[in-house]
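Tertiary structure, described
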Amino acid sequence: MSVCRRQGRAGHGVTMREVGQIAGGFHHATVSKALRNDPSISESTRGVIQRTARKLGYRRDPLLDALIRHRLEKTERRAPRVIALIGEAATRSELEASPGGAALWCGAVAAAQRLGHQIEYFPHGVGQMTARRLDAVLYARGIRGVILGPLAADGPRPTLSWERLSAVKIEGGHLEAPRCTVAPALLRGVKDAFGRLWREGRRRIGLAIRVDSDVLRRAQLKAGFLFAQQACDAAETVPVLEVGGRDAVEVIQQWLRRHRPEVVLAESAVWRTIAAAAGQTRRRSPEWIGIGPAEAMCGRPGLVLEYERLGATAAEQVIGLMQTFQRDAEQETTTTYIAVTWRDGAPSRA
Amino acid sequence: MAAGVHYATVSRALRGDPRISGATQARVRAAAERKGYVGGPAFGALSARRAPAAGTVAVERIALVCNRATAQGFRRYTHYRSIELGVRRRAEELGYECETLFIDRGAHDSRSLLGHLRKRGVRGLVFGTLEADRRAVELPWDEFSVVAIDSGEMLPAFTFVSVDQFHYTQLAFRRLRELGYQRIGLVVEREGEEATGDLHRAALLLAQAEIPEAERVPAVFVSRRYSSPEIAAAIAPWLRQERVEAVISNRVQVREFSGAAAGATLCMHAPMPGLAGVWVSFAEVGRRAVSLLTNLMQTGQCGVPAAPTWTYVAGTWRDGASAPRRTAVLDEARWLEAGGRRRNR
């Protein structure tokens, strides 16, 4: 994306060619790369060129940036820029079969396409490419943008060359890098859902999450729930149920017996275990409200996590980072939350 | 074209060129609206720069808008200065021209601001930050790409950027526990807490869920308008009754009202020697706001988004003398009790 301004036009400051000449005879393509902090240019050269550009008052032209972006979006490229979507599934079709996976993929692909990029799937995890190999592949392919899909808390952690890559992760609260995160706004979501149920006169509202939910989702669910619970009397307070481990069924049954929840907000990932446990008790089962991707809701009411928007936002952010030349290692840690939506459904008993 | 005129006429009519009669302009506009034609504003500006108007250069302009004018002390507040710095730096890096505008007594009201923005051709706005009890702003939002830094109470739900209150409250709480404090109290400004999603208190409840019930101290609210002595007076009974050992607050003057307890701020945005707390970079918040804004502008997204996003910039903990390791405090207390004679250990 090396664009030079035409020389000698009134009011248009310095050009890349001029910067190159004055900095010591660099080609304008080198200048373009150096100003974008491209690691393929040596650090000392980057320094010289950036200092010269600053001294001469070189300015990027946002209109040209917009034009380039527009052209990227409108024209078909023979070799579109590729962004890597990294996930645990062995193949893309396996990813698409996982809950939310298809929506995530569609969202990311559509957004990337709109912005003139292409998404390609790369597996990473047990029995898949090691981080080192993956890193080498990305480097060899010239891929500079990475989206890290949702990864399990206990899986291997991809250590890639973050100083080279523009990157965004989806959820993945257990990972230090990439530093930019896109996640569903579950804290708000749960607070609102609780409030809605409370106003409907429901009491003894419970929350059931996976044991690793706090790590992956930065305890957003628990925090929102604890906050909303302040409205309850102590007698109506139901503690959070964390589902996982070998004695999960027993723990669930005990929790149901002891706290007799009337309605339970439950992450879709724990439904199967809960259904198995609840089926074995004679007690009237509570009403289950889902928290999960749309297709996992099975007609239940609940909080729908829009994986399509998560994927799209992640792609937009990565492209934004790539186009403004920001690599992950230079980033401050930020999290972008996307609204989750409440959906009414036909209430069902697990 | 539905209006039955040449496309050049359409182009001129949509730009309000006087060579096209008023009737034709209206007809073309109506047809464009019917068909859902949307001009890319960036390309409008791009073609404008190609026009041979001597001495004029089209530039992309954005504005930082605040509702505390310089005369009202805008530059006395370090967080404003940091935001302005971040916004300007990032705008410059990306080649945008940026001006700081004020909605305030003696400065703009909404109408004059709109006039100014239109005249200057500003298409992108960063609001940072609009204080709740000061002048409000109301613009035809569809004309602008907007990013809001805080300002939750004052604006519709635009793309939102702020410091990570949820994260920094947990960070401070856990760090103070590590330093040996058990009864940690949160003092938070009432205004804004709801508008920002009650993040301070949600984070507090979450952190408290991990400690014994007997050590949990309920949060206390103060008004944003309170001065430090007023806060000190308001929270004194709470400090006593709850036997608070360390106070965390989103006020930076926490040392002025934490009394005998240790104090840590959640929102340190300027060097404050000896103050413990979470360092947050408002310059980074400003930078991030501009990055998000230029993204909106280049993809032609204007007005209030259908589904908002909230972006939070994380902070980092800094130790300080205002919250020393607990053993030292206890030692000092014991030393004072013993009449000031230092015991051999």
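Residues numbered from 1 in each chain as written. Chains lettered and ligands numbered in written order. Predicted model: local features only at pLDDT ≥ 70, side-chain atom pairs only at ≥ 80, totals over all residues. Heavy atoms only, no water.

1. A word on the overall build of chain A
Across its full length, chain A holds 13 helices and twelve strands. With respect to the principal axes defined by its C-alpha atoms, chain A has extents near 85 × 45 × 35 Å. Residue burial in chain A is summarised as follows: out of 350 residues, 55% are buried. Within chain A, residue pairs in contact and separated by at least 24 positions form 70% of the contacts whose partners lie at least 6 positions apart. Between the averaged position of the 52 positive side-chain charges in chain A and that of its 36 negative side-chain charges there is a distance of 4 Å. (Helix = DSSP H or I, 4+ residues; strand = E, 2+ residues; numbered from the N terminus. Buried < 20%, exposed > 50% of the residue type's maximum accessible area, 1.4 Å probe, protein only. Contact = heavy atoms within 4.5 Å. Lys, Arg positive; Asp, Glu negative; His and termini not counted. Charge placed at Lys NZ, Arg CZ, Asp CG, Glu CD.)

2. What to know about the overall build of chain B
Secondary structure summary: chain B contains ten helices and twelve strands in total. Counting every position in chain B, which comprises 345 residues, the buried fraction comes to 53%. Taking contacts inside chain B between residues at least 6 apart in sequence as the whole, the part at least 24 apart equals 65%. Carbon and sulfur atoms make up 51% of the accessible area of chain B, which totals about 16300 Å². (Areas by Shrake-Rupley, 256 points an atom, 1.4 Å probe, with all protein chains shown as cover.)

3. Section: the sheet that holds strand E9 (residues 262-268) of chain B
All names here are of chain B. Read across the open sheet, the six strands follow the order E7-E6-E8-E9-E10-E12; overall the sheet is mixed. The two strands at the open ends of the sheet, each matched to only one other strand, are strand E7 (220-222) and strand E12 (316-318). Each neighbouring strand pair of the sheet contributes to a mean axis angle of 20°, computed without reference to strand direction. Here three bridges tie E9 to strand E10 (residues 276-279), and the two strands are oriented parallel to one another. When the sheet's bridge partners are listed, Ala264 is paired in E10 with Ala276. Seen against the sheet, helix H7 (residues 199-208) touches strand E6 (184-189), E7 and E9 and runs at an angle of roughly 170° to E6. (Pairing = 2+ DSSP bridges. Axes fitted to C-alpha atoms, helices over the stretch in contact; angles between N-to-C directions.)

4. A short note on unusual backbone geometry
Generally, phi is negative for residues other than glycine and the peptide bonds are trans, each holding for most cases. At the junction of A:Ala177 and A:Pro178, the peptide bond is cis and its omega measures out at -5° in the coordinates. Here A:Pro178 is to be found in the loop between strand E4 (166-170) and strand E5 (180-184). Between B:Gly128 and B:Thr129 the backbone carries a cis peptide bond, its omega angle lying at -20°. Residue position: B:Thr129 is located in the loop between strand E3 (122-128) and strand E4 (145-149). For B:Asp198, which is not a glycine, the phi torsion comes out positive at approximately 55°. By the secondary structure assignment, B:Asp198 is in the loop between E6 and H7. You can call B:Asp198 buried: its relative accessible area is 7%.

5. Regarding the sheet that holds E3(B)
Hydrogen bonds between backbone groups are what pair the strands of a sheet, and the pairing can be parallel or antiparallel. Across the sheet, twelve strands lie side by side as E2(A)-E1(A)-E3(A)-E4(A)-E5(A)-E11(A)-E11(B)-E5(B)-E4(B)-E3(B)-E1(B)-E2(B); this open sheet has mixed pairing. In the strand order of this sheet, the two ends are held by strand E2 (117-123) of chain A together with strand E2 (97-102) of chain B, each with one partner. Ignoring strand direction, the axes of neighbouring strands in this sheet form an average angle of 20°. Sitting on the sheet, helix H5 (residues 110-120) of chain B touches strand E1 (61-66), E2 and E3 of chain B, and the angle it makes with E2(B) is about 165°.

6. Notes on the confidence of the model for chain B
Residues and elements named next belong to chain B. Across chain B, the average pLDDT comes to 85, with 86% of residues at or above 70. Across residues 51-57, where pLDDT falls below 50, the model places three contacts with residues more than four positions away in sequence or in other chains. Note that pLDDT drops below 50 for residues 340-345; the model gives that stretch five contacts with residues more than four away or on any other chain. Confidence estimates for the predicted assembly give a pTM of 0.82 and an ipTM of 0.83. (pLDDT = per-residue confidence, 0-100.)

7. Points about the pattern of salt bridges
Residue and element names in this part refer to chain B. All chains considered together, the criterion is met by 36 salt bridges over all chains. Across the pair Glu93 and Arg287 runs a salt bridge whose closest N-O atoms are separated by 3.1 Å. Of this pair, Glu93 sits in helix H4 (residues 78-93) while Arg287 sits in helix H9 (residues 282-298), and the two are 194 residues apart along the sequence. Taking relative accessible area as the criterion, Arg287 reaches 21% and is therefore assigned partly exposed. Of the charged contacts, one joins Glu215 and Arg177 as a salt bridge, the two residues approaching to 2.8 Å between their closest N and O atoms. Here the residue Glu215 occupies a position in the loop between H7 and E7, and Arg177 occupies one in helix H6 (residues 165-178), the gap between them amounting to 38 residues. Residue classification places Glu215 among the buried positions, given a relative accessible area of 16%. Residue Arg177 is classed as partly exposed on the basis of its relative accessible area, which comes to 26%. Members of the salt-bridge network, linked through shared partners, are Arg90, Glu93, Glu284, Arg287 and Arg288. (Salt bridge = Lys/Arg side-chain N within 4 Å of Asp/Glu carboxyl O.)

8. Things to note about the interface of chain B and chain A
Listed by partner, the interface residues are 41 residues for chain B and 43 residues for chain A. Between chain B and chain A the total buried area reaches about 3700 Å² when both faces are included, carbon and sulfur atoms providing 59% of it. For the pair chain B and chain A, the number of links is one salt bridge. The salt bridge involving A:Lys191 is made with B:Asp198; its shortest N-O contact spans 3.2 Å. Inspection of the region where chain B meets chain A yields eleven residue pairs in polar contact (both at pLDDT 80 or more). (Buried area = accessible area lost by both parts, 1.4 Å probe. Polar contact = N/O pair within 3.5 Å; in protein donor to acceptor, adjacent residues only side chain to side chain.)

9. Considering the pairing of strand E3 (residues 145-148) of chain A
Residue and element names in this part refer to chain A. Neither face of E3 is open: one carries Gly145 and Ile147, the other Val146 and Leu148, and all of them are buried. Both strand E1 (residues 81-87) and E3 contribute to a ladder of four bridges, which runs parallel. Across the sheet, the residue bridging to Ile86 is Leu148, located in E3. Where E3 meets E4, four bridges bridge the pair, whose relative direction is parallel. Residue pairing across strands places Leu148 opposite Lys169, the latter belonging to E4.

10. What about the side chain of B:Arg288?
In this fold, B:Arg288 is placed in helix H9. Within the structure, the side chain of B:Arg288 is placed 2.9 Å from the side chain of A:Gln331, a separation counted as a polar contact. Setting aside chain neighbours within four positions, we find B:Arg288 in contact with A:Cys180, A:Gln331, A:Glu332, A:Thr334, B:Val161 and B:Thr311.

11. Focus on the packing of helix H1 (residues 16-24) of chain A against helix H3 (residues 43-56) of chain A
Residue and element names in this part refer to chain A. Between H1 and H3, the least distance of the axes is 9 Å, while the angle of their chain directions is 115°. In the packing of H1 onto H3, the handedness of the crossing is right-handed. When H1 is examined against H3, the residues Val19, Ile22 and Ala23 are found in contact with a partner set consisting of Val48, Ile49, Thr52, Ala53 and Leu56. Split into classes, the residues belonging to the contact of H1 with H3 amount to seven nonpolar, one polar and no charged. (Left-handed = near helix turned anticlockwise from the far one by under 90°. Nonpolar A, V, L, I, M, F, W, Y, C, P; charged D, E, K, R; others polar.)

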